[in-house]
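Architecture at a glance
Each chain, written out:
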Amino acid sequence: MAIQVGDKVPNATLRHVAAGRDREVSTDELFRGKRVVLFAVPGAFTPTCSDRHLPAFVEQADEIKAKGIDLIACVAVNDHFVMDAWGKDREVGDKILMLADGNGDFARATGMVADSSRFGLGVRSRRYSALLEDGVVKALHVDEPGRFEVSGAETILKDLV
């Protein structure tokens, strides 16, 4: 069953690259005591993710953070080297933390797994955005498979008060 508004995000270990080094972080540690905008994409370097989803969050990062957000994070079922390369390619800088869910553990734990085998992509994450407060889901916007309609930065900005 997929996470819903009011649920605590399950604990899982994610990876990212910081100062050129591989880092592990638990979601409990990452989200504890913070207001976080988390968005998930099916895959780094894929057309919709690269051309529309990630860029909107980069462009609106300052506005989102000005509304009391401590962290904006992007997660995908890719390895941390790919997520780091994608962030560099898209000039994310320190605006967004690029998180790797390499084995899909977080996607499974949240119930947000997408079987993209028919596209040659294997198991991935569904596309969504969420507002988290101290690890609890306060708002959640999940797109239908193959769509990008409700999980963008513009939508999450409307949740921020």
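The paragraphs below set out a description of the structure included in this document. Counting from 1, residues in each chain are numbered in the order their sequence is written. For a predicted model such as this one, the threshold for reporting local features is a pLDDT of at least 70, and the threshold for listing and counting side-chain atom pairs is 80 or more; totals across whole chains, interfaces and linings nevertheless cover every residue. Only heavy atoms go into the side-chain values, all of them from the structure, while hydrogens and water stay out.

With respect to the overall build of the protein
Each helix is a run of H or I in the DSSP string that is no shorter than four residues. Each strand is a run of E no shorter than two, and both are numbered from the N terminus. The helix and strand tally for the protein stands at six helices and nine strands. In summary, the protein has a C-alpha radius of gyration of 14 Å against a globular reference of 15 Å for 161 residues, a match within 12%. For the C-alpha atoms alone, the extent of the protein along its principal axes is close to 40 × 35 × 30 Å. Classification of residues uses two cut-offs on accessible area relative to the type maximum, computed with a 1.4 Å probe and protein chains only: under 20% is buried, over 50% is exposed, and between them is partly exposed. By the burial criterion, 49% of the 161 residues in the protein qualify as buried. This radius of gyration counts C-alpha atoms alone. The globule rule is 2.2 Å times how many residues there are, raised to the power 0.38.

Considerations on the pairing of strand S4 (residues 71–76)
Burial of S4 is extensive: six of the six residues sit out of reach of the surface. Burial along S4 is two-sided: the residues Leu71, Ala73 and Val75 and Ile72, Cys74 and Ala76 are all buried. Pairs of strands are assigned from DSSP output, requiring at least two bridges between the strands. Pairing between strand S3 (residues 35–41) and S4: six bridges, direction parallel. Within the sheet, the bridge partner assigned to Val36 lies in S4 and is Leu71. In this structure, S4 lies alongside strand S5 (residues 97–100), joined through four bridges in parallel fashion. From the neighbouring strand, Ala76 faces S5, where its bridge partner is Ala100. Every crossover in which the path from the first strand over the helix to the second runs clockwise, viewed with the strands pointing away from the viewer, is termed right-handed. In this fold, the crossover linking S4 to S5 by way of helix H4 (residues 80–89) has right-handed handedness.

Focus on the packing of aromatic side chains
Within 6.5 Å between ring centres, the rings of Phe, Tyr and Trp (the latter by its six-membered ring) count as paired, and their orientation is classed by plane angle as stacked under 30 degrees, edge-to-face over 60, tilted in between. Within the structure shown, the criterion is met by two aromatic pairs. With a centroid separation of 3.9 Å and an interplanar angle of 5 degrees, the aromatic rings of Phe39 and Phe57 are classed as stacked. With Phe39 in strand S3 and Phe57 in helix H2 (residues 47–59), this pair connects stretches of sequence that are 18 residues apart. Exposure remark for Phe57: the relative accessible area of 0% places this residue in the buried category. Between Phe45 and Trp86, the ring centres sit 6.4 Å apart and the planes meet at 50 degrees, which makes this aromatic pair tilted. With Phe45 in the loop between S3 and H2 and Trp86 in helix H4, this pair connects stretches of sequence that are 41 residues apart.

Notes on H4
Restricting attention to buried positions, one finds in H4 the residues His80, Met83, Trp86 and Gly87. Looking straight down H4, one finds its buried side chains confined to an arc of 125 degrees; they lie on one side. Residues of H4 that are exposed and point more than 90 degrees away from the buried face comprise Phe81 and Lys88. We call two residues contacting when some pair of their heavy atoms lies within 4.5 Å. Residues of H4 that are buried sit in contact with strand S1 (13–18), strand S2 (21–26), S3, H2, S4 and S5. Here a polar contact is recorded for every N or O atom pair within 3.5 Å, except that within protein the pair must consist of a potential hydrogen donor and a potential acceptor, and residues adjacent in sequence are included only if both atoms are side-chain atoms. Regarding H4, its N-cap is Asp79, as a side-chain oxygen of that residue lies 2.9 Å from the backbone nitrogen of Phe81 further along. What the arc measures is the spread of directions leading from the helix axis to the C-beta atoms.

Points about H2
Under the convention used throughout, the expected extent of a helix is 1.5 Å for every residue step, that is, one less than its residue count. Spanning 13 residues, H2 covers 17 Å between terminal C-alpha atoms, matching the ideal 18 Å at 1.5 Å per step. For a residue, the bend is simply the angle between two axes, fitted respectively to the seven-residue segment ending there and the seven-residue segment starting there. Of all the bends found along H2, the most pronounced is centred on His53 and spans about 25 degrees, while Pro55, a proline, follows it within four residues. Among all positions of H2, only Cys49, Ser50, His53, Leu54, Pro55, Ala56, Phe57 and Val58 are buried.

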